[in-house]
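Listed below, chain by chain, are the residues.
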Amino acid sequence: MERWTALNQSPADRRQCPVREVLDHLGDKWTALIVLTLSHGACRFSALQRTIPDISKRMLTQSLRNLERDGLLFRRVYPTKPPAVDYRLTPLGESFLGQLQALAIWAEDSHPTIRAARAQFDAANGEV
């Protein structure tokens with residue numbers, strides 16, 4: 001907690017905060033779903049899209065590029081016609097996976113409690 005406080009002492013520090021910078025990419029829902037899907041091994045683009053059907057091709061492409069840029073996944077192009085491409089986690093991606101799996105387990109275990117809290121909040125505040 002002291003590290004977080006130290007990183008947020010001034011606006012300039014907040015712009016250079018490593019936690020904020022990393023969470024900009026890793027905190028979105030597509031990143032989590034892509035990394036969890038790749039935990040089972042390499043996947044081609046079409047397989048990722050089938051596994052995550054509500055992501056658009058454009059968003060999947062952008063998310064994969066961001067993950068590759070951040071060093072969490074590796075894009076392999078095979079010299080075939082047409083070229084085949086697959087994606088796999090790098091060692092850095094594997095290290096993130098452990099943290100993400102812990103969060104996913106927490107989310108699954110806490111989901112009933114969170115849903116009940118939301119229902120209670122909504123009822124108390126006249127929301128549907």
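All of these numbers come straight from a predicted model, not from anything done at the bench. In this convention, every chain numbers its residues from 1, walking through the sequence in written order. The predicted origin of the model limits local features to residues at a pLDDT of at least 70 and limits the giving and counting of side-chain atom pairs to 80 or more, whereas totals for whole chains, interfaces and linings rest on all residues. The side-chain figures draw on all heavy atoms in the structure; neither hydrogens nor water molecules are used.

Draft legend 1. Layout of the environment of glutamine 101. Each helix is a run of H or I in the DSSP string that is no shorter than four residues. Each strand is a run of E no shorter than two, and both are numbered from the N terminus. The topology assignment puts glutamine 101 in helix H7 (residues 91-124). Here's how the labels work: a residue is buried when its accessible area is under 20% of the maximum for its type, exposed when over 50%, partly exposed in between, all with a 1.4 Å probe on protein chains only. On the accessibility criterion, glutamine 101 (37% relative accessible area) is partly exposed. In sequence terms glutamine 101 and alanine 32 are 69 residues apart; their C-alpha atoms lie 9.3 Å from each other. Setting aside residues no more than four positions away along its own chain, glutamine 101 makes contact with Leu36 and Ser39. The contact criterion used throughout is that any non-hydrogen atoms of two residues lie within 4.5 Å.

Draft legend 2. Here's a closer look at the side chain of aspartate 86. Its place among the elements puts aspartate 86 in strand E3 (residues 84-89). Aspartate 86 sits in the buried class, given a relative accessible area of 8%. Not counting the four nearest positions on each side in its chain, aspartate 86 is found in contact with Ala42, Cys43, Arg44, Phe74, Arg75, Arg76 and Tyr78.

Draft legend 3. Representation of the layout of surface pockets. A 1.4 Å probe that fits but cannot get out identifies a cavity on a 1 Å grid over protein atoms alone, an open set with protein on both sides within 12 Å along at least five of seven lines counts as a pocket, and a residue lines either if it has an atom within 4 Å of a point. Grid points are joined across faces, edges and corners, and a volume is the space filled by probe spheres set on the points. What the largest pocket holds in volume is close to 290 Å³. Taken together, 14 residues make up the lining of the largest pocket; nearest its centre are Leu26, Asp28, Ala32, Leu100 and Leu103. Elements supplying a minimum of two residues to the lining of the largest pocket: helix H3 (18-26), helix H4 (29-38) and H7. Split by residue class, the lining of the largest pocket holds ten nonpolar, two polar and two charged. In this count, Pro and Cys sit with the nonpolar residues alongside Ala, Val, Leu, Ile, Met, Phe, Trp and Tyr, while Asp, Glu, Lys and Arg are called charged and the others, Gly among them, polar.

Draft legend 4. Quick look at the packing of H4 against helix H6 (residues 57-69). Orientation is described by axes fitted as lines to C-alpha atoms, over the contacting stretch for helices, and by angles from 0 to 180 degrees between their N-to-C directions. Between H4 and H6, the least distance of the axes is 10 Å, while the angle of their chain directions is 75°. Viewed along their axes, H4 and H6 adopt a mutual orientation that is roughly perpendicular. Contacts between H4 and H6 pair Trp30, Thr31, Ile34 and Val35 from the former with Met59, Leu60, Ser63, Leu64 and Leu67 from the latter. The class makeup of the residues in the contact of H4 with H6 is seven nonpolar, two polar and no charged. Should an angle fall under 35 degrees it is taken as roughly parallel, and over 145 as roughly antiparallel, whereas 65 to 115 is taken as roughly perpendicular and any remaining angle as oblique.

Draft legend 5. Quick look at the pattern of salt bridges. Just to be clear on terms, a salt bridge is a Lys or Arg side-chain nitrogen sitting within 4 Å of an Asp or Glu carboxyl oxygen. The tally for this structure, following the rule as stated, stands at one salt bridge. Aspartate 86 is the salt-bridge partner of arginine 88, the closest N and O atoms lying 3.5 Å from each other.

Draft legend 6. View of the pairing of strand E2 (residues 73-78). Two strands pair if DSSP finds at least two bridges between them. Pairing analysis gives six bridges linking E2 to E3, with the strands arranged antiparallel. Bridge pairing in E3 links arginine 75 to tyrosine 87. Hairpin connection between E2 and E3: a loop of five residues separates the two successive antiparallel strands.

Draft legend 7. Geometry of the sheet that holds strand E1 (residues 43-44). With antiparallel pairing, the three strands of this open sheet are ordered in space as E1-E3-E2. Looking along the sheet, the strands with just one partner apiece sit at the ends: E1 and E2.

Draft legend 8. Seen up close, H7. Expected helix span is taken as 1.5 Å per residue step, with the number of steps being one fewer than the number of residues. Look at H7: 47 Å from first C-alpha to last across 34 residues, which is about the 50 Å you get at 1.5 Å a residue. Regarding H7, the residues found buried are Gly93, Phe96, Leu97, Leu100 and Ser110. With its phi angle positive at about 65°, glycine 126 sits one or two positions after the end of H7.

Draft legend 9. How the structure looks around the pairing of E3. With five of six residues buried, E3 lies mostly within the body of the structure. In the sheet, E1 pairs with E3 via two bridges, with the strands oriented antiparallel. Bridge pairing links cysteine 43 to tyrosine 87 in E3.

That's the geometry; what it means functionally is another story.
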